[in-house]
Amino acid sequence: TRPGPDWHTIALDWMKSTHVPAYYVVVRLWRSVAGDDPLIVRLPSVFAFTLFAWGAAQFRTLLPRAQFRLFFPLLLLSPGAIYFAIEARDYMFLMAFAVWLSAKVLAYLDRDASDVPAALSVVFWAMLMSAFDYFGLIYACVVLVYLIAKTARKNRGLTFLFAGVLILQFAIPLAWTLYA
């Protein structure tokens, strides 16, 4: 069996699709290593569920203990998370990155507004999330607009960082669409 479509086919399919290409690149790389078996192709979603659970565990230090004890099992046992964990689709990655981005934003807001490593962590998860799904792009942009508003008076450098990433997140899909 073939290890999956070539890069040119992925690019052409994405130009006709409504999905961001990062997931297809991950699947292409995974299929070239692991093969085309339907169960094997679903393993990246299982790995994304593991990332999702690890991200949900980050809330342990961000929420009061009683809230975390309710939040964590409900999140891990949610039907959506379980369903997407066994599907060969990008939605589990979207959920995992959303949980991580939310945890990083809450951690950033708990710290001083000039905490550059925490801000870069937010930017990393926002960019990663927006590379996998357009809903991720929308969520990341809303988070960045919120952080721009929160840091506008406290730290202009991080405000410009968040604004630059926000502009970049719109520029990349727009340039790709115009190029196509």
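It should be noted that the structure appears before, not after, this text.
Residues numbered from 1 in each chain as written. Predicted model: local features only at pLDDT ≥ 70, side-chain atom pairs only at ≥ 80, totals over all residues. Heavy atoms only, no water.

(A) Region of interest: helix H4 (residues 43-57). For H4, which comprises 15 residues, the first-to-last C-alpha distance of 21 Å matches the rise-based estimate of 21 Å (1.5 Å per residue) to within 8%. Turning to H4, its buried residues number three or more, namely Pro-44, Ser-45, Ala-48, Phe-52, Ala-53, Gly-55, Ala-56 and Ala-57. (Helix = DSSP H or I, 4+ residues; strand = E, 2+ residues; numbered from the N terminus. Expected span 1.5 Å × (residues − 1). Buried < 20%, exposed > 50% of the residue type's maximum accessible area, 1.4 Å probe, protein only.)

(B) Main features of the nonpolar core. Of all hydrophobic cores here, the largest spans 42 residues; its most connected members are Phe-52, Leu-101, Tyr-108, Val-122, Leu-147 and Phe-162. For this core, the elements supplying multiple residues, two or more each, are helix H2 (22-34), H4, helix H5 (65-76), helix H6 (79-85), helix H7 (91-110), helix H8 (116-132), helix H9 (134-151) and helix H10 (156-179). (Core = buried A, V, L, I, M, F, W, Y, C linked by side-chain atoms within 4.5 Å.)

(C) Quick peek at a nonpolar patch on the surface. There is a patch of nonpolar side chains on the surface, built from Leu-106, Leu-109 and Tyr-146 and spanning about 240 Å² of accessible area. Relative to the helices and strands, Leu-109 is located in helix H7. On the basis of relative accessibility, which here comes to 32%, the residue Leu-109 falls in the partly exposed class. (Patch = residues over 30% accessible without salt bridge, like charges linked within 9 Å, V, L, I, M, F, W, Y side chains within 5 Å. Areas by Shrake-Rupley, 256 points an atom, 1.4 Å probe, with all protein chains shown as cover. Salt bridge = Lys/Arg side-chain N within 4 Å of Asp/Glu carboxyl O.)

(D) Quick peek at the packing of H4 against H5. Running from N to C, H4 and H5 point in directions that differ by 170°, and their axes come no closer than 10 Å. The angle between H4 and H5 falls in the class roughly antiparallel. For the pair formed by H4 and H5, the contact residues are Phe-49, Phe-52, Ala-53, Ala-56 and Ala-57 on the first element and Phe-68, Phe-71, Phe-72, Leu-75 and Leu-76 on the second. Its residues placed into classes, the contact of H4 with H5 shows 10 nonpolar, no polar and no charged. (Axes fitted to C-alpha atoms, helices over the stretch in contact; angles between N-to-C directions. Parallel < 35°, antiparallel > 145°, perpendicular 65-115°, else oblique. Contact = heavy atoms within 4.5 Å. Nonpolar A, V, L, I, M, F, W, Y, C, P; charged D, E, K, R; others polar.)

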